[in-house]
Amino acid sequence: METLCLMASGVSEGEQPTPPQQVQVGEVVELTTFDDLYRREYEPMVRLARGLVDTTEFAEEVVQDAFAKVLDRWGRLDRPGAYLRTAVVNGARSELRKREVRRRVGLRPFLPPQPDEHDYLLDALNQLSTRQKTILVLKYYADMTEKEIAQALGVRPGTVKSATSRGLAELRKVIEQ
């Protein structure tokens, strides 16, 4: 069956846009509000995202972000369901790209420490300046060279060298305390 989507035009400033209405030839499909779309599509979109990103937590986050995008553009969308699906797939792909970058540079995904587990090195690093912390993490966690760090941060290699030296000295002081 062919699906047609109708949108109202001529929305005045300050007036709420008329939501998209999805109509199928021969029968009407209930989609008159964003709430209707959310109720109808949330579970299927979570299943889709979970298949792509493999954990329910990340899947739900991807889907919520996608619904936020749909809501922002609600009055301008001809096919909100299709836009939602595309946003979910793109969000999942983005999450997978982030994971791949973390894997390639040797960074493990951020997991909050458990109550009985405390990471003193992260506490010490958090006391450094942002630049020093970034450079030390890139150098020692990601195993990047000074030249690579300089290119990534848009600074000179000498700046990386001096920030590394100062950052290590500061880190020693923090750890000794």
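Just so we're clear, the structure is a prediction, and the values are computed from it rather than from any experiment. (Residues numbered from 1 in each chain as written. Predicted model: local features only at pLDDT ≥ 70, side-chain atom pairs only at ≥ 80, totals over all residues. Heavy atoms only, no water.)

## What about the overall build of the chain?
Step number 1: Along the backbone of the chain there are seven helices and three strands.
Step number 2: Starting at the N terminus, the α and β elements of the chain follow one another as β-β-β-α-α-α-α-α-α-α.
Step number 3: Residue burial in the chain is summarised as follows: out of 177 residues, 25% are buried.
Step number 4: Considering only contacts within the chain whose residues lie at least 6 apart along the sequence, 51% involve residues at least 24 apart.
Step number 5: When the accessible surface of the chain is totalled, it reaches about 12400 Å², and 51% of it is carbon and sulfur. (Helix = DSSP H or I, 4+ residues; strand = E, 2+ residues; numbered from the N terminus. Buried < 20%, exposed > 50% of the residue type's maximum accessible area, 1.4 Å probe, protein only. Contact = heavy atoms within 4.5 Å. Areas by Shrake-Rupley, 256 points an atom, 1.4 Å probe, with all protein chains shown as cover.)

## Some thoughts on the side chain of Asp36
Step number 1: Locating Asp36 in the fold gives a position in helix H1 (residues 34-53).
Step number 2: In this structure Asp36 comes out as buried when scored by relative accessible area, which is 18%.
Step number 3: Looking at Asp36, its side chain comes within polar contact range of the side chain of Arg39, at 3.0 Å. (Polar contact = N/O pair within 3.5 Å; in protein donor to acceptor, adjacent residues only side chain to side chain.)

## Quick notes on the nonpolar core
What tends to happen in soluble globular proteins is that the nonpolar side chains get buried as a cluster.
Step number 1: In terms of nonpolar packing, the biggest core is built from 19 residues, with Ala49, Val63, Phe67, Val70, Leu84 and Val88 touching the most fellow members.
Step number 2: When residues of this core are traced back to their parent elements, those giving at least two are H1, helix H2 (56-72) and helix H3 (80-105).
Step number 3: No other element matches the seven residues that H1 contributes to this core.
Step number 4: In this structure, Val88 is in contact with Met45, Leu48, Ala49, Val62, Val63 and Ala66, ignoring residues within four places of it in sequence.
Step number 5: The next biggest cluster of nonpolar side chains, apart from the first, holds six residues, and it includes Ala124, Leu136, Leu171 and Val174. (Core = buried A, V, L, I, M, F, W, Y, C linked by side-chain atoms within 4.5 Å.)

## What about the confidence of the model for the chain?
Step number 1: Looking at the chain as a whole, its pLDDT mean stands at 75, while 72% of the residues score no less than 70.
Step number 2: Per-residue pLDDT, averaged within each element of the chain, yields its smallest value for strand S1 (residues 3-6) (33) and its largest for H2 (94).
Step number 3: Confidence over residues 1-30 falls short of pLDDT 50; this stretch has 42 contacts with residues more than four positions distant or in other chains. (pLDDT = per-residue confidence, 0-100.)

## Remarks on the packing of helix H6 (residues 146-153) against helix H7 (residues 157-176)
Step number 1: For the pair H6 and H7, interaxial distance at closest approach is 8 Å and the crossing angle is 110 degrees. Considering the angle they form, H6 stands roughly perpendicular to H7. Residues Glu146, Ile149 and Ala150 of H6 lie in contact with H7, whose contacting residues are Pro157, Val160 and Lys161.
Step number 2: Along the lines of polarity and charge, the residues of the contact of H6 with H7 split into four nonpolar, no polar and two charged. (Axes fitted to C-alpha atoms, helices over the stretch in contact; angles between N-to-C directions. Parallel < 35°, antiparallel > 145°, perpendicular 65-115°, else oblique. Nonpolar A, V, L, I, M, F, W, Y, C, P; charged D, E, K, R; others polar.)

## Comments concerning the environment of Glu95
Step number 1: Checked against the element boundaries, Glu95 lands in helix H3.
Step number 2: When its relative accessible area of 10% is taken as the criterion, Glu95 is described as buried.
Step number 3: C-alpha separation for the pair Glu95 and Phe58, spaced 37 residues apart in sequence, amounts to 8.2 Å.
Step number 4: The contact partners of Glu95, leaving out residues within four places of it in the chain, are Val53, Phe58 and Arg102.

## Concerning the packing of aromatic side chains
Step number 1: Counted according to the given criterion, the structure contains five aromatic pairs.
Step number 2: These aromatic residues form a ring-pair network of at least three members: Phe34, Tyr38, Tyr42, Phe67 and Trp74.
Step number 3: Arg99 extends its terminal NZ or CZ atom over the ring of Phe58, reaching a point 4.9 Å from the ring centre. (Phe/Tyr/Trp six-rings, centres within 6.5 Å; stacked < 30°, edge-to-face > 60°. Lys NZ or Arg CZ within 6 Å of the ring centre and 35° of its normal.)

## Topic: the pattern of salt bridges
Step number 1: According to the stated counting rule, one finds three salt bridges in the structure shown.
Step number 2: Close ionic contact of Arg40 with Glu41 constitutes a salt bridge, the shortest N to O distance being 3.1 Å.
Step number 3: Here Arg40 falls in the partly exposed class, since its relative accessible area comes to 32%.
Step number 4: On the basis of relative accessible area, Glu41 is assigned to the buried category, the value being 12%. (Salt bridge = Lys/Arg side-chain N within 4 Å of Asp/Glu carboxyl O.)

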